Amino acid sequence: MTAELTYHGHACFSLEGAGNTIWIDPFLTDNPQADVRPHEIDQADYILVSHGHGDHLGDAIDISRRTGATIISNNELAVYCQDQGVDAHGLHIGGGYQFPFGRVKMTIAHHGSTLPDGGYGGNPGGFLLDVDGKRIYFAGDTGLFYDMKLLGEEKAIDVALLPIGDNYTMGPDDALRAVQLLNPRLVVPMHYDTFDVIQQDARAFAERVKATSGADAVVMIAGERLVL
Ligand code: NI
Ligand code: MN
């Protein structure tokens with residue numbers, strides 16, 4: 001069994017695994033890096049949303065409405081989505097649930113989560129996903145936190161998706177420290193270059209990961225697919 005991960009720019013990924021298509025933070029409409037438009041998405045079974053900011057909630061509700069996909073997020077955001085008439089499953093930090101495609105556990109993220117309409121979006125988070133025997137850590141928008149060490153110790157992480165943009169999240173230096181705490185097999189940087197204030201040299205970051213940790217690093221471009 002293999003899971004396949006596709007990057008769509010910013011913090012948006014799709015994952016094919018266990019016969020399901022799982023989207024993460026589907027910010028597509030206003031995402032200058034996106035390789036797909038939301039109306040082109042016809043495969044979506046679940047949509048993970050890390051927090052309420054527009055560059056993460058993105059097109060989740062529209063995609064869910066059209067495909068019937070279930071949104072998975074913190075409980076406040078799940079209720080907000082349900083109020084918009086779509087199916088949603090609320091988790092909360094430290095809690096996990098076994099979905100048909102695998103287990104999802106919500107992890108902490110140090111950030112905000114206000115909804116695009118100004119409403120309260122609950123706590124921001126990240127996700128640990130176990131799909132087809134692979135463990136994927138999607139950090140969400142967060143600063144560095146030492147508890148990443150606990151995440152890495154729990155079970156080996158196959159791929160860590162880490163923000164490197166700085167300004168709103170960790171920058172490359174802190175993301176490098178995150179790699180040391182998480183000890184993943186592979187690192188994929190995200191949440192950079194989309195806006196002027198988060199321009200970064202992702203390739204230089206990847207080289208630093210390879211030089212200073214036991215992890216490999218891959219810079220994905222939008223539309224690129226990776227077999228895990
Ligand atoms: Ni954010
Ligand atoms: Mn963001």
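The structure we're discussing is the one just above.
Report on the accompanying structure. (Residues numbered from 1 in each chain as written. Chains lettered and ligands numbered in written order. Predicted model: local features only at pLDDT ≥ 70, side-chain atom pairs only at ≥ 80, totals over all residues. Heavy atoms only, no water.)

Looking now at the environment of Gly-54. Tracing the backbone shows Gly-54 in helix α1 (residues 54-57). For Gly-54, a relative accessible area of 38% corresponds to the partly exposed category. Through-space distance from the C-alpha of Gly-54 to that of Pro-26 is 9.7 Å; in sequence the pair is 28 residues apart. If we ignore the near neighbours within four places in the chain, the residues touching Gly-54 are Phe-27 and Pro-116. (Helix = DSSP H or I, 4+ residues; strand = E, 2+ residues; numbered from the N terminus. Buried < 20%, exposed > 50% of the residue type's maximum accessible area, 1.4 Å probe, protein only. Contact = heavy atoms within 4.5 Å.)

Before going further, it helps to examine the packing of aromatic side chains. Using the criterion set out here, one finds 6 aromatic pairs in the structure. Taking the centre distance of 6.4 Å and the plane angle of 80° together, the rings of Phe-13 and Phe-138 count as edge-to-face. Placement of the pair is Phe-13 in strand β2 (residues 13-17) and Phe-138 in strand β10 (residues 134-138), with a sequence separation of 125 residues. What makes Phe-13 buried here is its relative accessible area of 0%. For the pair Tyr-97 and Phe-99, a centre-to-centre distance of 4.8 Å together with 70° between the ring planes defines the contact as edge-to-face. Overall, the relative accessible area of 40% leaves Tyr-97 in the partly exposed class. Taken together, the ring pairs in this structure connect Tyr-46, Tyr-97, Phe-99 and Phe-101 into an aromatic cluster. (Phe/Tyr/Trp six-rings, centres within 6.5 Å; stacked < 30°, edge-to-face > 60°.)

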